[in-house]
Amino acid sequence: MIFPAIDLLGGESVRLYQGDYQKKMVLEKDPLIQLQAIEAAGIRRVHLVDLDGAKKGLSVNADLIRRLRENSDIFLELGGGIRTLQQIDDYLQLGINRVILGSIAVTNPELVQEAITRFGPEKIVVGVDGQDGQVKTAGWTEASQQSFAEVVSAMTALGVTNFIVTDISRDGTLSGPNVALLKHLQQDFPASRFVVSGGVSTLADIATLRENGLVDMIVGRALYDGDLTLADLKEAEDGVSETNYSSLGY
């Protein structure tokens with residue numbers, strides 16, 4: 001499954017280079033226009049990130065996210081600054097299909113476990129973002145002392161089954177995904193489902209990931225100044241069965 005990304009910053013849709021808030025490119029002043037274009041192309045899912053929220057630990061773009069949800073029927077997953085059970089509940093009640101927990105996987109694993117118990121593993125996905133093998137938190141501004149595998153192992157023990165793994169060094173660079181990292185994680189944690197994030201920029205990248213058993217991915221900057229179009233993503237997904245989608249709640 002392919003998730004086009006919409007990253008929200010200051011009420012606009014932007015792309016950052018390697019997670020640097022000072023290196024942003026505005027894609028669309030009104031993110032709803034972008035979301036509706038994705039939906040019109042026949043894409044079924046969108047990956048939303050509240051970049052302001054990720055940095056501040058608050059639901060900064062909540063009103064905009066509500067507007068997006070109210071004007072679209074497609075599957076929306078949302079991350080960025082979601083660090084309390086109340087925030088999770090509020091977004092799920094709003095109609096967000098699943099929420100992404102990032103920093104709290106490192107700083108407050110007990111909350112992740114409670115979220116899994118209360119809302120179910122299909123509603124929760126843990127984002128594991130890092131660079132040079134080290135996981136980062138707080139909108140990629142703070143380094144932890146944990147590796148990707150250590151965080152995934154700890155979360156798996158709590159009942160987490162869905163992960164988004166981002167190699168920050170590839171994010172927004174159009175340089176191709178870190179296939180080796182994801183392949184190792186998939187081999188080490190075969191019961192988990194991994195979504196590839198960072199660097200997916202061509203149909204060849206998509207094919208390479210699928211050849212390595214990695215079928216879920218997020219595409220961001222490549223849709224706007226790279227070699228991929230929404231039509232490409234729709235065509236790439238046409239071979240995925242409806243049964244597979246429905247079994248995952250998509």
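Just above sits the structure.
Residues numbered from 1 in each chain as written. Predicted model: local features only at pLDDT ≥ 70, side-chain atom pairs only at ≥ 80, totals over all residues. Heavy atoms only, no water.

### Considerations on the packing of aromatic side chains
Scanning all chains against the criterion turns up two aromatic pairs. Taking the centre distance of 6.4 Å and the plane angle of 70° together, the rings of F3 and F75 count as edge-to-face. Separated by 72 residues along the polypeptide, F3 in strand β1 (residues 2–9) and F75 in strand β5 (residues 75–79) bring together distant segments of the chain. Each member of the pair, F3 together with F75, is buried. It is R45 that lies over the ring of F3; its NZ or CZ is 5.6 Å from the centre. Over the ring of Y21 we find K55; its NZ or CZ atom is 4.6 Å from the centre of that ring. (Phe/Tyr/Trp six-rings, centres within 6.5 Å; stacked < 30°, edge-to-face > 60°. Helix = DSSP H or I, 4+ residues; strand = E, 2+ residues; numbered from the N terminus. Buried < 20%, exposed > 50% of the residue type's maximum accessible area, 1.4 Å probe, protein only. Lys NZ or Arg CZ within 6 Å of the ring centre and 35° of its normal.)

### Notes on the environment of V200
Examined against the element boundaries, V200 turns out to sit in the loop between β11 (193–197) and α9 (203–211). Between the alpha carbons of V200 and M217 there is a distance of 7.7 Å; along the sequence they are 17 residues apart. Look past the residues within four positions of V200 in its chain and what remains in contact with it is P177, D205, I206, L209, M217, I218, V219, A222 and L228. (Contact = heavy atoms within 4.5 Å.)

### Points about the pairing of β5
β5 sits mainly inside the fold: five of its five residues count as buried. Across the two faces of β5 the burial is the same, with F75, E77 and G79 and L76 and L78 all buried. In this structure, strand β4 (residues 45–50) lies alongside β5, joined through five bridges in parallel fashion. The residue bridging V46 from the neighbouring strand is L76, located in β5. Note: β5 against strand β6 (residues 98–101), three bridges, orientation parallel. Bridge assignment links G79 to a residue of β6, and that residue is I100. Each parallel crossover has a hand, and for β5 linked through helix α4 (residues 85–94) to β6 it is right-handed. (Pairing = 2+ DSSP bridges. Right-handed = clockwise from strand over helix to strand, strands pointing away.)

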